[in-house]
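Chains, contacts and geometry: an overview
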Amino acid sequence: MTNGRVNPSQRLEDQGISGLGRVYYNYIEPALVEAAVARGEGRLGKGGAFLCSTGQFTGRSPKDKFVVRTAAVEDTIWWGNNAAMAPEAFDRLYADMLAHMQGREYFVQDLFGGADPVYRLDVRMVTELAWHGLFIRHMLRRPARAELDSFVPEWTVINCPSFEADPAKHGCRTSTVIALNFDRKMILIGGTAYAGENKKAVFTLLNYLLPEKGVMPMHCSANHAIGNPVDSAVFFGLSGTGKTTLSADPSRILIGDDEHGWSDRGTFNFEGGCYAKTINLSAEAEPEIYGTTSRFGTVVENMVFDEETLELDFTDSSLTENMRCAYPLEYISNASDTGMGGHPKNVIMLTCDAYGVLPPIARLTPAQAMYHFLSGFTSKTPGTERGIVEPTPTFSTCFGAPFMPRRPEVYGKLLQAKIAQFGASCWLVNTGWTGGKFGQGKRMPIKATRALLTAALDGSLSAGEFRRDPNFGFEVPVSVPGVDATLLDPRATWGDKAAYDAQAKKLVGMFADNFAQYVPFIDADVKAAAIG
């Protein structure tokens with residue numbers, strides 16, 4: 001039975017998905033919250049936020065993600081990074097998932113992936129959980145109601161947490177599965193209720209499709225100067241590096257906090273909302289994001305709360321370090337109405353250095369920028385992936401390896417070409433540790449990071465004096481107003497200088513060992529910028 005608003009020629013039955021129970025199409029936020037509460041999926045919190053738990057899985061399952069190996073994508077998928085699934089296995093998976101779905105209620109959201117109408121993707125999300133429909137309605141771009149009458153989905157994502165895959169039958173690793181089929185234009189997600197799988201599945205898809213159109217897909221946040229979209233900046237970084245926090249600058253307009261494209265027309269947000277970590281979130285440090293946790297429809301995920309007062313505990317990580325809230329962009333007062341900006345004047349690469357070796361900011365040449373983009377050094381933060389319980393140094397190429405279907409050089413060369421064409425300034429910013437490694441030093445003060453970024457974005461930092469770092473070869477500012485000069489020299493922040501030298505030597509060696517895999521695919525200028 002059909003409920004809600006949908007193109008009458010594009011119901012699930014018209015896609016060959018039949019035999020379900022009630023199907024609720026394109027419900028708006030109040031209806032989705034009502035349904036989720038009525039179905040016992042969570043609690044109504046203060047201000048009308050929706051409080052829920054994702055159950056067993058509180059982070060992504062990157063090892064359970066597969067791409068169906070067909071002739072059409074055989075030569076373009078980076079198989080060293082993307083596990084393959086046989087077409088026959090996918091067909092069995094799809095048939096068994098549809099059989100499991102028979103007679104059950106489902107929620108459909110027809111949405112856009114991308115703010116730029118020239119490059120956006122029309123995506124249909126089919127979710128077993130009402131709150132997943134609410135989540136993805138926040139995270140992607142919402143069509144006008146009248147546009148739904150003619151909406152034709154290019155891709156369909158089916159998310160069924162109660163379905164458990166059979167590794168022997170379905171060609172996967174565990175009972176959890178995320179399978180992308182480019183021939184059938186379909187993504188299947190089963191065995192996990194972690195909502196982040198929905199948005200990252202679409203991001204992975206766009207990361208494959210857009211480079212063919214000359215668009216650089218980016219795992220980054222973005223903002224622009226007030227009243228001047230031409231003065232845009234992008235902030236690359238993995239989860240936990242500060243993408244959301246640092247781009248939410250009250251003195252600039254927020255384009256988005258996680259996923260963007262850089263086309264011949266400028267930058268554009270893939271999404272319509274934000275998915276912010278809430279561990280230790282405070283009204284004093286981040287008032288706008290904190291405020292969303294008591295706004296109507298915000299999805300508050302895996303947070304401990306008082307059963308009587310519904311007060312959220314932002315310090316209790318007993319469920320997970322990866323507690324989050326998802327909300328529409330308009331809940332941030334300085335968010336862009338269009339989700340679009342100009343060509344970036346500044347490209348910032350955020351790293352969380354758990355070794356305490358890197359400076360808080362460094363200026364990069366275009367070749368160094370490509371080197372650090374391909375390297376993608378950072379630390380995975382607790383909870384973002386299953387099994388990560390403390391900051392773990394890693395190299396995640398393009399600052400988003402789990403979401404990159406193509407070889408990293410494809411993205412690196414696209415970025416290098418964009419930087420050269422539009423003359424962007426490039427910076428490496430360390431939001432990790434200072435004065436020692438994780439467990440000995442302390443986290444980089446956010447006040448200092450914000451001051452350094454402000455100076456970089458307004459141009460004053462480039463006008464100052466720089467020194468060449470002896471270990472990494474990039475330029476580091478000698479002094480910046482409002483920032484302790486000692487902080488700018490990582491070695492000076494360590495009590496044991498010999499220990500710093502040993503740690504720096506270790507990290508340089510790690511960079512060199514990791515980058516060896518890219519040397520056959522890169523140009524001479526990037527090879528010359530290599531460390532070690």
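Thresholds, definitions, all that
- Residues numbered from 1 in each chain as written.
- Predicted model: local features only at pLDDT ≥ 70, side-chain atom pairs only at ≥ 80, totals over all residues.
- Heavy atoms only, no water.
- Helix = DSSP H or I, 4+ residues; strand = E, 2+ residues; numbered from the N terminus.
- Rg over C-alpha atoms; globule rule 2.2 N^0.38 Å.
- Areas by Shrake-Rupley, 256 points an atom, 1.4 Å probe, with all protein chains shown as cover.
- Lys, Arg positive; Asp, Glu negative; His and termini not counted.
- Charge placed at Lys NZ, Arg CZ, Asp CG, Glu CD.
- Pairing = 2+ DSSP bridges.
- Axes fitted to C-alpha atoms, helices over the stretch in contact; angles between N-to-C directions.
- Contact = heavy atoms within 4.5 Å.
- Core = buried A, V, L, I, M, F, W, Y, C linked by side-chain atoms within 4.5 Å.
- Buried < 20%, exposed > 50% of the residue type's maximum accessible area, 1.4 Å probe, protein only.
- Arc of directions from axis to C-beta.
- Phe/Tyr/Trp six-rings, centres within 6.5 Å; stacked < 30°, edge-to-face > 60°.
- Lys NZ or Arg CZ within 6 Å of the ring centre and 35° of its normal.
- UniProt positions renumbered as here; feature names shortened; annotations may be inferred.
- Polar contact = N/O pair within 3.5 Å; in protein donor to acceptor, adjacent residues only side chain to side chain.

Points about the overall build of the protein
Secondary structure assignment for the protein yields 13 helices and 29 strands. In terms of overall dimensions, the protein is globule-like: its C-alpha atoms have a radius of gyration of 23 Å, near the 24 Å expected for 532 residues. In terms of overall dimensions, the protein has a C-alpha envelope of 70 × 55 × 45 Å along the principal axes. Only carbon and sulfur atoms are counted for the fraction: they give 51% of the accessible area of the protein, which is about 19,300 Å². Each charge class in the protein can be summarised by its mean position, and for the 51 positive and 59 negative side chains these summaries are 3 Å apart.

A short note on the sheet that holds strand β9 (residues 155-160)
Spatial ordering of the open sheet is given by β1-β2-β7-β8-β9-β11-β10-β5-β6, a layout of nine strands whose pairing is mixed. Edge positions in the open sheet fall to β1 (2-4) and β6 (83-85), since each of these has one partner strand only. For this sheet the average axis-to-axis angle between neighbouring strands, irrespective of direction, equals 25 degrees. Sheet topology places strand β5 (residues 65-68) next to strand β10 (residues 177-181); three bridges connect them, and they run parallel. The partner of K65 across the bridge, within β10, is I178. Taken strand by strand, helix α5 (residues 196-209) contacts β5, β7 (106-113), β8 (121-127), β9, β10 and β11 (186-190), and its axis lies near 155 degrees from that of β8.

A short note on the nonpolar core
Residues M125, W131, F135, F182 and I187 are the most contacted members of the largest nonpolar core, which totals 50 residues. For F182, the contacting residues outside a window of four places in its chain are V67, V73, I77, W155, L205 and Y208. A222, V347, V508 and V526 belong to the second largest nonpolar core, which has 46 residues in total.

Examining helix α1 (residues 29-38)
Looking only at α1, the buried set comprises E29, L32, V33, A35 and A36. Buried residues of α1, seen end-on, are gathered within an arc of 165 degrees and therefore sit on one face of the element. Those residues of α1 that are exposed and aimed more than 90 degrees away from the buried face are E34 and A38. The inward-facing, buried residues of α1 contact β3 (43-44), β4 (50-52), β7 and α3 (130-139). With its phi angle positive at about 75 degrees, G40 sits one or two positions after the end of α1.

Describing the packing of aromatic side chains
Taken as a whole and judged by the stated rule, the model has 26 aromatic pairs. Between F377 and F511, the ring centres sit 5.4 Å apart and the planes meet at 50 degrees, which makes this aromatic pair tilted. Separated by 134 residues along the polypeptide, F377 in strand β23 (residues 377-380) and F511 in helix α12 (residues 497-515) bring together distant segments of the chain. Classification of F377 as buried rests on a relative accessible area of 3%. Their ring planes at 70 degrees and their centres at 5.9 Å tell us that F472 and F511 sit as a pair that is edge-to-face. Of this pair, F472 sits in the loop between β28 (466-468) and β29 (475-477) while F511 sits in helix α12, and the two are 39 residues apart along the sequence. Residues F472 and F511 agree in their burial class; the two are buried. Through a chain of ring-to-ring contacts, three or more aromatic side chains come together here, namely Y371, F377, F395, F472, F474, F511, F515 and Y518. Sitting over the ring of F403, K200 keeps its end group 4.6 Å from the ring centre.

Quick look at the sheet that holds β3
If you walk across this open sheet you meet the five strands as β3-β4-β18-β19-β17, and the pairing is mixed. Edge positions in the sheet fall to β3 and β17 (273-277), since each has one partner strand and no second.

Details of the environment of A195
With respect to the helices and strands, the residue A195 is situated in the loop between β11 and α5. According to the relative accessible area criterion, A195 is buried, its value standing at 0%. Taking C-alpha positions, A195 is 20 Å from M218, a pair spaced 23 residues apart along the chain. When residues no more than four places from it in sequence are discounted, the contact partners of A195 are T54, W131, H132, F135, Y275 and E301.

Re the UniProt feature "binding site: substrate" (unreviewed entry) in the protein
Within this structure's numbering, the places UniProt gives as "binding site: substrate" (unreviewed entry) are R60, Y194, K200 and R324. Relative to the elements of secondary structure, Y194 occurs in the loop between β11 and α5. Taking relative accessible area as the criterion, Y194 reaches 3% and is therefore assigned buried. Those residues in contact with Y194, other than ones at most four positions away along the chain, are T54, F57, T58, G59, R60, H132, Y275, E301, N322 and R324. Inspection of the secondary structure assignment puts R324 in strand β19 (residues 324-328). Given a relative accessible area of 8%, R324 falls into the buried group. Engagement of the side chain of R324 in a polar contact is seen with the backbone oxygen of Y275, the distance being 3.0 Å.

Structural notes on the UniProt feature "binding site: Mn(2+)" (unreviewed entry) in the protein
As recorded in UniProt, the feature "binding site: Mn(2+)" (unreviewed entry) lies at K200, H219 and D258. Taken along the chain, the residues just named run across 59 residues; in space they keep tight, none of their C-alpha pairs more than 10.2 Å apart. For K200, the position within the fold is in helix α5. Excluding residues that lie within four positions of it along the chain, K200 makes contacts with R60, K65, H219, D258, E259 and F403.

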